[in-house]
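Overview (structure and organization)
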Amino acid sequence: MSSQSAPATPRHPPASLGFNLAGIAMLALLLAVGAAYLLDEMGRTSRTPTPALEDGNPIVQTISGRELTIPTAWFRYGEQIRDGFTNQIDLTLMFAPEGATPLPVQVMLLPRSRARTSSALLDAVYLHQFGDETLAGIPGLVGKPLGAAAGYEGERIWYDPLSANAFVAKCMAPIEPGAPEQCVRTVYLPSGIAVVYVFDAKALQSWRQFDTQMKLWLEKIGAW
């Protein structure tokens, strides 16, 4: 008696495989859309215009009783672009010393009561933290490292020793490798507003031009 084999049953892919393929396709689509948005955002950032003295489209803000008219392109943070009263204004300006590459300067405008000038800190704090070492490299300025024991490790002060109203800047070693050294300088403007400048240490090579150039920007908006 001959045996007869059962007919072969067609094989169908399991339902889970179809779901997996659909999930992979959806993930690929989401990644493609995300990449497109990322590229668009990078393009927008690269197209951000450099602030210029000729910029228009200003808004009006009042700080320390002083009304300032500020071009919108100067603001560092978009959420600050609104008319009215404020106690802090964050801007990005440009320092373009003669014969050197222009450098951005972060500028913070504050009420005078919220800041101490760098020259006042030089006399009251920094001088007491100086060591014996004197730094060189910035013509016309004396450089002094601050004591690490007092919590100032990696910080140094550059100041003009010949002026009653001394140019003073505190510079800090970068936290991230390869990042530029940053300096901070705080002054009081004749208007009564305090201004904090944060800038690349390269700008110190042209320090005699710094305040003069910043005055041009700040006079335009009424802060000086």
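Residues numbered from 1 in each chain as written. Predicted model: local features only at pLDDT ≥ 70, side-chain atom pairs only at ≥ 80, totals over all residues. Heavy atoms only, no water.

1. Digging into the side chain of K170
- Relative to the helices and strands, K170 resides in strand β8 (residues 168-172).
- A residue is classified by how much of its surface remains accessible, and K170, at 19% relative accessible area, is buried.
- Polar side-chain contacts of K170 include one of 3.3 Å to the side chain of E155.
- What K170 contacts, discounting residues up to four positions off in sequence, is Y126, L146, E155, R156, I157, Q182, C183 and V184. (Helix = DSSP H or I, 4+ residues; strand = E, 2+ residues; numbered from the N terminus. Buried < 20%, exposed > 50% of the residue type's maximum accessible area, 1.4 Å probe, protein only. Polar contact = N/O pair within 3.5 Å; in protein donor to acceptor, adjacent residues only side chain to side chain. Contact = heavy atoms within 4.5 Å.)

2. Points about the pairing of strand β5 (residues 103-111)
- Both strand β4 (residues 89-95) and β5 contribute to a ladder of seven bridges, which runs antiparallel. Looking across to β5, one finds that T92 is bridged to Q106.
- Sheet analysis places β5 next to strand β10 (residues 193-200), joined by seven bridges and oriented antiparallel. Residue L110 lies in a different strand from β10, and its bridge partner there is A194. (Pairing = 2+ DSSP bridges.)

3. Considering the state of the cysteines
- In the structure shown here, the tally under the stated rule is one disulfide.
- Put simply, C171 and C183 are joined by a disulfide, and their sulfur atoms are 2.0 Å apart. Here C171 and C183 share a disulfide; its torsion about the S-S bond, 100°, makes the bridge right-handed. Here C171 is found in strand β8, whereas its partner C183 is found in strand β9 (residues 182-188), with 12 residues between them in sequence.
- When its relative accessible area of 1% is taken as the criterion, C171 is described as buried.
- Judged by its relative accessible area of 0%, C183 is buried. (Disulfide = S-S within 2.5 Å.)

4. Considerations on unusual backbone geometry
- Unlike most non-glycine residues, N57 shows phi in positive territory, near 50°.
- Residue position: N57 is located in the loop between α1 (15-46) and β1 (58-63).
- The phi dihedral of S64 falls on the positive side, at around 55°, and the residue is not glycine.
- Position of S64 among the secondary structure elements: in the loop between β1 and β2 (66-71).
- Its relative accessible area of 40% is what places S64 among the partly exposed residues.

5. Thoughts on the pairing of β10
- Of all eight residues in β10, seven are buried, a share of seventy percent or more.
- Of the pairings in the sheet, the one linking β9 to β10 comprises seven bridges and is antiparallel in character. Each bridged residue has a counterpart across the sheet, and for V187 the counterpart in β10 is V195.
- Connecting β9 to the antiparallel partner β10 that follows it, the hairpin turn spans four residues, and G192 within it adopts a positive phi of roughly 100°.

6. Notes on the nonpolar core
- In this structure, L91, L109, Y197, F199, L204 and L218 are the most contacted members of the largest nonpolar core, which totals 39 residues.
- Mapped by element, the contributors of at least two residues to this core are β1, β2, β4, β5, β8, β9, β10 and α3 (207-221).
- Counting residues per element, this core draws most heavily on α3, at six residues.
- Contacts of L218, omitting those with residues within four sequence positions, involve L93, L109, L189, V195, Y197, A223 and W224. (Core = buried A, V, L, I, M, F, W, Y, C linked by side-chain atoms within 4.5 Å.)

7. Digging into the environment of A201
- With respect to the secondary-structure elements, A201 resides in the loop between β10 and α3.
- In this structure the C-alpha to C-alpha distance between A201 and Q182, which are 19 residues apart in sequence, comes to 5.4 Å.
- Not counting residues within four places of it along the chain, the set of residues in contact with A201 comprises E181 and C183.

8. Quick word on the sheet that holds strand β3 (residues 84-85)
- With mixed pairing, the three strands of this open sheet are ordered in space as β2-β1-β3. Of all strands in the sheet, those with a lone pairing partner are β2 and β3, marking the two edges.

9. Structural notes on α3
- Helix length check: α3, at 15 residues, gives a terminal C-alpha distance of 23 Å against a target of 21 Å (1.5 Å per residue), a fit within 8%.
- Taken together, the buried positions of α3 are occupied by W207, F210, Q213, M214, W217, L218 and I221.
- Residues of α3 that are buried make contact with β2, β4, β5 and β10.
- Just beyond α3, the residue with positive phi is G222, at close to 90°. (Expected span 1.5 Å × (residues − 1).)

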